[in-house]
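Topology and contacts: notes
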Amino acid sequence: MAETTASSKNVKFIITRQDSPESKSYTEDFEVPYRPGMNVISALMEIQRNPNNAQGQTTAPVCWEANCLEEVCGACSMVINGKPRQACAALVDKLEQPIKIEPMKTFPVVRDLVIDRTRMFNALKKVKAWIPIDGTYDLGPGPRMPEKRRQWAYELSKCMTCGVCLEACPNVNEKTDFIGPAALSQVRLFNAHPTGEMNKEDRLETLMEDGGIEGCGNSQNCVRSCPKGIPLTTSIAELNKDTTKHLFKRWLGV
């Protein structure tokens, strides 16, 4: 990849914009003064402070989402030079120019780079991705999780619902109702929890419905794109085993 050097005066951006959910998208060019160590978010902040495009025309500030700025919240997901990733972790020095920024296409666009992740959150609701305690009174200490299981379960808990894995998955699109790799991995996480496994069969039943695990085409794009390195394909393989066992138990009436 071409590296931006300190001698460069400006960093060039081509940003795909959209004024409303119903309007057509278009591109707009921007040039931002280079600073050592800057990332894409800092460049977007500069454009927000000085909303002038590369032609010197004043334009509307680019809209995007961000929160933690340290690759934890997952809010700043966007497509940068053709790759879905976190803008806060995308260093300008490591990106080829002009830097092309687009919203993720798997989700409806609200405005510019802001997307609606409702599809992803609905999938988590569908698989009951939570521990079933109401929190209204002290239940005392829960059952302990074996250390070996806790170690791999912790890796799954790093999911920040950024949506990058759904953007990378060819089976998640407007023509399918596939819940996607993030929700599948969360099923494995909560089924492994000593309290969460009380709803294990309900979650497996959900995965056996339309849009469930059968929608996975095993492209493995998700595990390659995950910013947190979560073993998504391992989770999917384990859930394939679990749903198959559950199916046979249901047939046998066990």
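The following paragraphs examine the structure supplied in this document. None of these values were measured; they are calculated from a predicted model. (Residues numbered from 1 in each chain as written. Predicted model: local features only at pLDDT ≥ 70, side-chain atom pairs only at ≥ 80, totals over all residues. Heavy atoms only, no water.)

Across its full length, the chain carries eight helices and seven strands. Each principal axis of the C-alpha atoms in the chain carries an extent, and together these give about 70 × 40 × 40 Å. Looking at the chain residue by residue over its 254 residues, the buried ones come to 41%. Sequence separation of 24 or more characterises 63% of the internal contacts of the chain that already satisfy a separation of 6 or more. Summed over its atoms, the accessible surface of the chain is roughly 13800 Å², and 50% of this surface lies on carbon and sulfur atoms. Placing the 32 positive and 31 negative side-chain charges of the chain at their respective mean positions leaves the two points 4 Å apart. (Helix = DSSP H or I, 4+ residues; strand = E, 2+ residues; numbered from the N terminus. Buried < 20%, exposed > 50% of the residue type's maximum accessible area, 1.4 Å probe, protein only. Contact = heavy atoms within 4.5 Å. Areas by Shrake-Rupley, 256 points an atom, 1.4 Å probe, with all protein chains shown as cover. Lys, Arg positive; Asp, Glu negative; His and termini not counted. Charge placed at Lys NZ, Arg CZ, Asp CG, Glu CD.)

A few words on the sheet that holds strand 1 (residues 10-17). If you walk across this open sheet you meet the five strands as 2-1-5-3-4, and the pairing is mixed. Edge positions in the sheet fall to strand 2 (26-33) and strand 4 (83-86), since each has one partner strand and no second. Adjacent strand axes in the sheet meet at a mean angle of 35° when their direction is disregarded. With four bridges connecting them, strand 3 (residues 77-80) and strand 4 associate as antiparallel partners. Looking at the pairing, Ser77 lines up with Gln86 of strand 4. (Pairing = 2+ DSSP bridges. Axes fitted to C-alpha atoms, helices over the stretch in contact; angles between N-to-C directions.)

Moving on to the pattern of salt bridges. Throughout the structure, instances matching the rule amount to ten salt bridges. A salt bridge links Glu46 to Arg49; the shortest N-O distance between them is 2.8 Å. Taken as a pair, Glu46 and Arg49 lie in helix 1 (residues 40-49) at a separation of three residues, close to a single helical turn. Its relative accessible area of 15% is what places Glu46 among the buried residues. In this structure Arg49 comes out as exposed when scored by relative accessible area, which is 51%. Among the salt bridges present, the one from Lys241 reaches Glu238, with a minimum N-O distance of 3.5 Å. Here Lys241 pairs with Glu238, and both are found in helix 8 (residues 232-252), just three residues apart, close to one helical turn. (Salt bridge = Lys/Arg side-chain N within 4 Å of Asp/Glu carboxyl O.)

This part covers the packing of aromatic side chains. Going through the model one piece at a time under the given rule, you end up with one aromatic pair. Considering the side-chain rings of Phe248 and Trp251, the 5.4 Å spacing of their centres and the 90° angle between planes classify their relative orientation as edge-to-face. Placement of both Phe248 and Trp251 in helix 8 is noted, with a separation of three residues, approximately one turn of the helix. One residue, Arg188, lies across the ring of Trp152, its end atom 4.1 Å from the ring centre. (Phe/Tyr/Trp six-rings, centres within 6.5 Å; stacked < 30°, edge-to-face > 60°. Lys NZ or Arg CZ within 6 Å of the ring centre and 35° of its normal.)

The residue Thr244 is located in helix 8 in this model. Judged by relative accessible area, which is 40%, Thr244 ranks as partly exposed. Note: C-alpha distance between Thr244 and Ile47 (197 residues apart in sequence) is 52 Å. At 2.8 Å, the side chain of Thr244 forms a polar contact with the backbone oxygen of Asn240. (Polar contact = N/O pair within 3.5 Å; in protein donor to acceptor, adjacent residues only side chain to side chain.)

Coordinates in, geometry out; function isn't part of it.
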